[in-house]
Amino acid sequence: MKLLFLVRHGKSSWDDPTLDDHERPLNNRGLKNIPKMVHRLNGWQQGPQLIVTSSALRAAQTAYLFSEGLGCAPKLESNSMIYTESAFELIDIIRETSDVVDRLMLVGHNPALTVLAQMFGFKEENIPTCGVVVFGFEVDCWQAIAEEQGTMFYYDYPKRARPDRVNRDTE
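Residues numbered from 1 in each chain as written. Predicted model: local features only at pLDDT ≥ 70, side-chain atom pairs only at ≥ 80, totals over all residues. Heavy atoms only, no water.

Colleague: Please set out the nonpolar core residue by residue, giving values where relevant.
Modeller: By size, the foremost hydrophobic cluster in this structure holds 29 residues, and its most contacted members are Leu4, Leu104, Leu106 and Phe135. Those elements that provide at least two residues to this core are strand S1 (2–8), strand S2 (50–53), helix H3 (87–95), strand S4 (103–108), helix H4 (112–119), strand S5 (132–137) and strand S6 (151–156). Excluding residues within four positions of it along the chain, Leu106 makes contact with Leu4, Phe5, Leu6, Val7, Val52, Ile82, Leu90, Ile93 and Ile94. One finds Leu3, Leu26, Ile51 and Phe66 within the second-largest nonpolar core, a separate group that totals 20 residues. (Core = buried A, V, L, I, M, F, W, Y, C linked by side-chain atoms within 4.5 Å. Buried < 20%, exposed > 50% of the residue type's maximum accessible area, 1.4 Å probe, protein only. Helix = DSSP H or I, 4+ residues; strand = E, 2+ residues; numbered from the N terminus. Contact = heavy atoms within 4.5 Å.)

Okay, structure coming up:
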């Protein structure tokens, strides 16, 4: 089984209108929410072996804080292709992942992350900032993942009272 963790970057700052979108950092709320989400995710089964993040500053900061806080000590990589609006580009990145990795986390942006999650069966309209969705795939290689094939195992976000740790289809 392959586990795919999708994480939308933390809340970003709009304080400096001269900054390029790619260079916007996390704001105080984003910095405060990430440790809460890391703590919750640490309480759930196994974490990722590899985190691949967008090269945008807010996503890179989010990914770094996740990698530092998760008890599973994941490897961290940056990929500028995750800075995209296309869910299909994200699928390509996932399918290029080494099959040695069974648990992959992508840290990126909307709308691509939400659309990707919806392709795998996510029923919500939006993954909130710092939201985490985990899908399982009954495959041996990342190349084999396909739409509507994922099983959602986990969904959480900072304002949620408690994590949803079960597949919504079985509730």
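Back to the text.
Colleague: An account of the packing of aromatic side chains is needed here, citing residue identities and associated values.
Modeller: Applying the stated rule across the entire model yields six aromatic pairs. Between Phe122 and Tyr155 the ring centres are 5.0 Å apart and the planes differ by 75°, which places this aromatic pair in the edge-to-face class. In this pair, Phe122 sits in the loop between H4 and S5 while Tyr155 sits in strand S6, placing the two residues 33 residues apart along the sequence. For the pair Phe122 and Tyr155, a shared accessibility class is recorded, and that class is buried. Of the aromatic side chains, those joined through ring pairs into one cluster are Phe5, Trp44 and Tyr154. Between the NZ or CZ atom of Arg24 and the centre of the ring of Trp14, over which it lies, the distance is 3.6 Å. (Phe/Tyr/Trp six-rings, centres within 6.5 Å; stacked < 30°, edge-to-face > 60°. Lys NZ or Arg CZ within 6 Å of the ring centre and 35° of its normal.)

Colleague: Give a description of the sheet that holds S4 that names residues and reports values.
Modeller: Here six strands make up an open sheet; going across it, the order is S3-S2-S4-S1-S5-S6 and the pairing mixed. One side of each edge strand has no neighbouring strand; the edge strands of this open sheet are strand S3 (75–78) and S6. The mean angle between the axes of side-by-side strands here comes to 20°, regardless of whether they run parallel or antiparallel. Two elements, S1 and S4, share six bridges in a ladder whose sense is parallel. Across the sheet, the residue bridging to Leu6 is Leu106, located in S4. Across the sheet, helix H2 (residues 57–69) lies against S1, S2, S3, S4 and S5, angled at about 165° from S2, the strand it touches most. (Pairing = 2+ DSSP bridges. Axes fitted to C-alpha atoms, helices over the stretch in contact; angles between N-to-C directions.)

Colleague: A description of the packing of helix H1 (residues 28–42) against H2 should follow, citing residues and the corresponding values.
Modeller: Direction vectors running N to C along H1 and H2 enclose 40°, while the axes themselves pass 9 Å from each other. Accordingly, the angle class assigned to the pair H1 and H2 is oblique. The handedness of the crossing between H1 and H2 is right-handed. Taking contact as the criterion, the partners of Leu31, Ile34, Met37, Val38, Leu41 and Asn42 in H1 are, on H2, Thr62, Leu65, Phe66 and Gly69. Tallied by class, the residues present in the contact of H1 with H2 amount to seven nonpolar, three polar and no charged. (Parallel < 35°, antiparallel > 145°, perpendicular 65-115°, else oblique. Left-handed = near helix turned anticlockwise from the far one by under 90°. Nonpolar A, V, L, I, M, F, W, Y, C, P; charged D, E, K, R; others polar.)

Colleague: Break down H3 for me, citing the residues and quoting the values.
Modeller: Considered for burial, the residues of H3 that qualify are Ala87, Leu90, Ile91, Ile93 and Ile94. Down the axis of H3, the sector holding all buried residues measures 160°, keeping them to one side. Buried residues along H3 sit in contact with S1, S4 and H4. Among the residues of H3, the N-terminal cap falls to Ser86, whose side-chain oxygen and the backbone nitrogen of Phe88 are separated by 3.2 Å. (Arc of directions from axis to C-beta. Polar contact = N/O pair within 3.5 Å; in protein donor to acceptor, adjacent residues only side chain to side chain.)

Honestly, it's all geometry; don't read function into it.
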